[in-house]
Amino acid sequence: MPEASPIVISHVVELGPELSNEVMDVARRQGEDPETVQMKIQQFRDMIYEKGGCRPHRMDDEYLKKFLRARFWKVENAYKLIVRYYQFRAQNKNFYQGVHPTKLRSTGDEEIVSVAPYRDQNGRRLIVYKIGNWRPSKLPVLDLFRATLLIMEVGSLEPANQVLGAVGIFDLEGLAMHHAWQMTPSYAQKIIQLLVTHMPIRVNAIHFINQGWVFDTVWQLFKPFLNERMREKVFMHGSDLKSLHKHVDPSRLPMRYGGTQPEYPYKRWLEKIKYNEKVLNNLEQLGYVIDPDDINAISDPEE
């Protein structure tokens, strides 16, 4: 991982094609050799055409590169990933078809999910869920999946994320049986697919905090879908914030988790999407509904 850099607070989706020197060093260790990049991309493209396991909506270098980065430039593994990704999309069209991404703010208004405007000490994006704030009677579980897929899709557009990945923190304070009743084996499998196996971005670690006996029941649904390697990415901390701090530096955490950062609402991240034409164009190609008013010449809102 790159050396810890000064904390930068920004909700901007970082789409610049060039990696910083620090991130490029990590990319090289992961198998990204500038001398063989074009060859690997072409091998990947040829394999998609020849095997025919999926029909990607894009086949340009920039798009294919994120699947290769997600699998450390191993072409065969990248091919398996892109097939799984399109299978997931075909099986879960209600996660994105007819969905207005900039209107998925209810999960943020309820403070259920947020995307931190800073990265952890290893340069990874931080996604925080406060499951106890979720009221199933007001917000269907489908909208949580939609919000998560949107985060993963937009996150996979950022080159630094393609190399460094992301970290998920699930705050389970307030988790109750009315939450657990919403969870089925099918939904548990879809969560694993979204966060671990089917998306072109790596979630390097998943941290559970403030979990109680209700979670122990729910966790039994997830176990069948986790192999040993996946389980190594899962960390249970309970109420021990010092345990969490061994993995995520307190300077990169909200104050409620023993950190130094304030809370940042999800809607600030959504606003940056709303004013980013490239992001909206990418989402529209994926089947999201983009209102004409979402793509305009209005300048970005202030940070």
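Residues numbered from 1 in each chain as written. Predicted model: local features only at pLDDT ≥ 70, side-chain atom pairs only at ≥ 80, totals over all residues. Heavy atoms only, no water.

1. A few points about the sheet that holds strand β3 (residues 166-171)
Overall, mixed pairing links the five strands, which are arranged β1-β2-β3-β4-β5 in an open sheet. In the strand order of this sheet, the two ends are held by β1 (113-119) and β5 (234-238), each with one partner. Strand-to-strand, the axes of this sheet are offset by a mean angle of 20°, without reference to chain direction. In the sheet, β3 pairs with strand β4 (residues 203-209) via six bridges, with the strands oriented parallel. Residue pairing for β4: A166 is matched across the bridge by V203. (Pairing = 2+ DSSP bridges. Helix = DSSP H or I, 4+ residues; strand = E, 2+ residues; numbered from the N terminus. Axes fitted to C-alpha atoms, helices over the stretch in contact; angles between N-to-C directions.)

2. Description of helix α13 (residues 266-274)
Along an α-helix, a turn takes 3.6 residues, which lines up residues three or four apart on a common side. Listed in full, the buried residues belonging to α13 are Y266, W269, L270, K272 and I273. The buried residues of α13 all sit within an arc of 155° when viewed along its axis, so they share a single face. The elements touched by buried residues of α13 are α5 (106-109), β1, α6 (141-155) and α14 (277-285). (Buried < 20%, exposed > 50% of the residue type's maximum accessible area, 1.4 Å probe, protein only. Arc of directions from axis to C-beta. Contact = heavy atoms within 4.5 Å.)

3. Considering the nonpolar core
Across soluble globular proteins, nonpolar side chains have a tendency to be buried as a group. With 79 residues, the main nonpolar core has F44 and I82 as its most contacted residues. Excluding residues that lie within four positions of it along the chain, F44 makes contacts with L64, F67, L68, V75, A78, Y79 and I82. By size, the runner-up hydrophobic cluster in this structure holds twelve residues, among which are L126, V167, L244 and Y264. (Core = buried A, V, L, I, M, F, W, Y, C linked by side-chain atoms within 4.5 Å.)

4. Some thoughts on the packing of α6 against α13
At a closest axis distance of 13 Å, the pairing of α6 and α13 adopts a crossing angle of 50°. Classified by the angle their axes make, α6 and α13 are oblique. Here the hand of the crossing between α6 and α13 comes out left-handed. Contact residues: α6 offers A147, L150, I151 and V154, while α13 offers Y266, W269, L270 and I273. Among the residues making up the contact of α6 with α13, the classes are represented as eight nonpolar, no polar and no charged. (Parallel < 35°, antiparallel > 145°, perpendicular 65-115°, else oblique. Left-handed = near helix turned anticlockwise from the far one by under 90°. Nonpolar A, V, L, I, M, F, W, Y, C, P; charged D, E, K, R; others polar.)

5. Quick word on the pairing of β1
Taken across its seven residues, β1 has seven buried, putting it largely inside the fold. Across four bridges, the pairing between β1 and strand β2 (residues 125-130) is antiparallel. Residue pairing across strands places S114 opposite V128, the latter belonging to β2. Turn length for the β1-β2 hairpin, with the two strands adjacent in sequence and antiparallel, is five residues, and the turn residue G123 shows positive phi of about 85°.

6. A closer look at the environment of V12
Among the structural elements, V12 can be located in the segment before α1 (21-29). Here V12 falls in the partly exposed class, since its relative accessible area comes to 30%. C-alpha of V12 to C-alpha of L270: the two residues are 258 residues apart in sequence and 9.9 Å apart in space.

7. Here we look at helix α9 (residues 185-197)
Of all the positions in α9, only A188, K190, I191, I192, Q193, L194, L195 and T197 are classed as buried. Those residues of α9 that are buried lie in contact with α4 (75-91), α6, β3, β4, α10 (213-222) and α11 (228-231).

8. A word on the packing of helix α3 (residues 61-70) against α4
Between α3 and α4, whose axes approach to 8 Å, the crossing angle comes to 115°. With respect to their mutual orientation, α3 and α4 come out roughly perpendicular. Here α3 and α4 pass one another in a crossing that is right-handed. Between α3 and α4, the contacting residues are Y63, L64, F67, L68 and A70 on the first element and V75, A78, L81, I82, Y85 and Y86 on the second. When grouped by side-chain class, the residues that make up the contact of α3 with α4 number eleven nonpolar, no polar and no charged.

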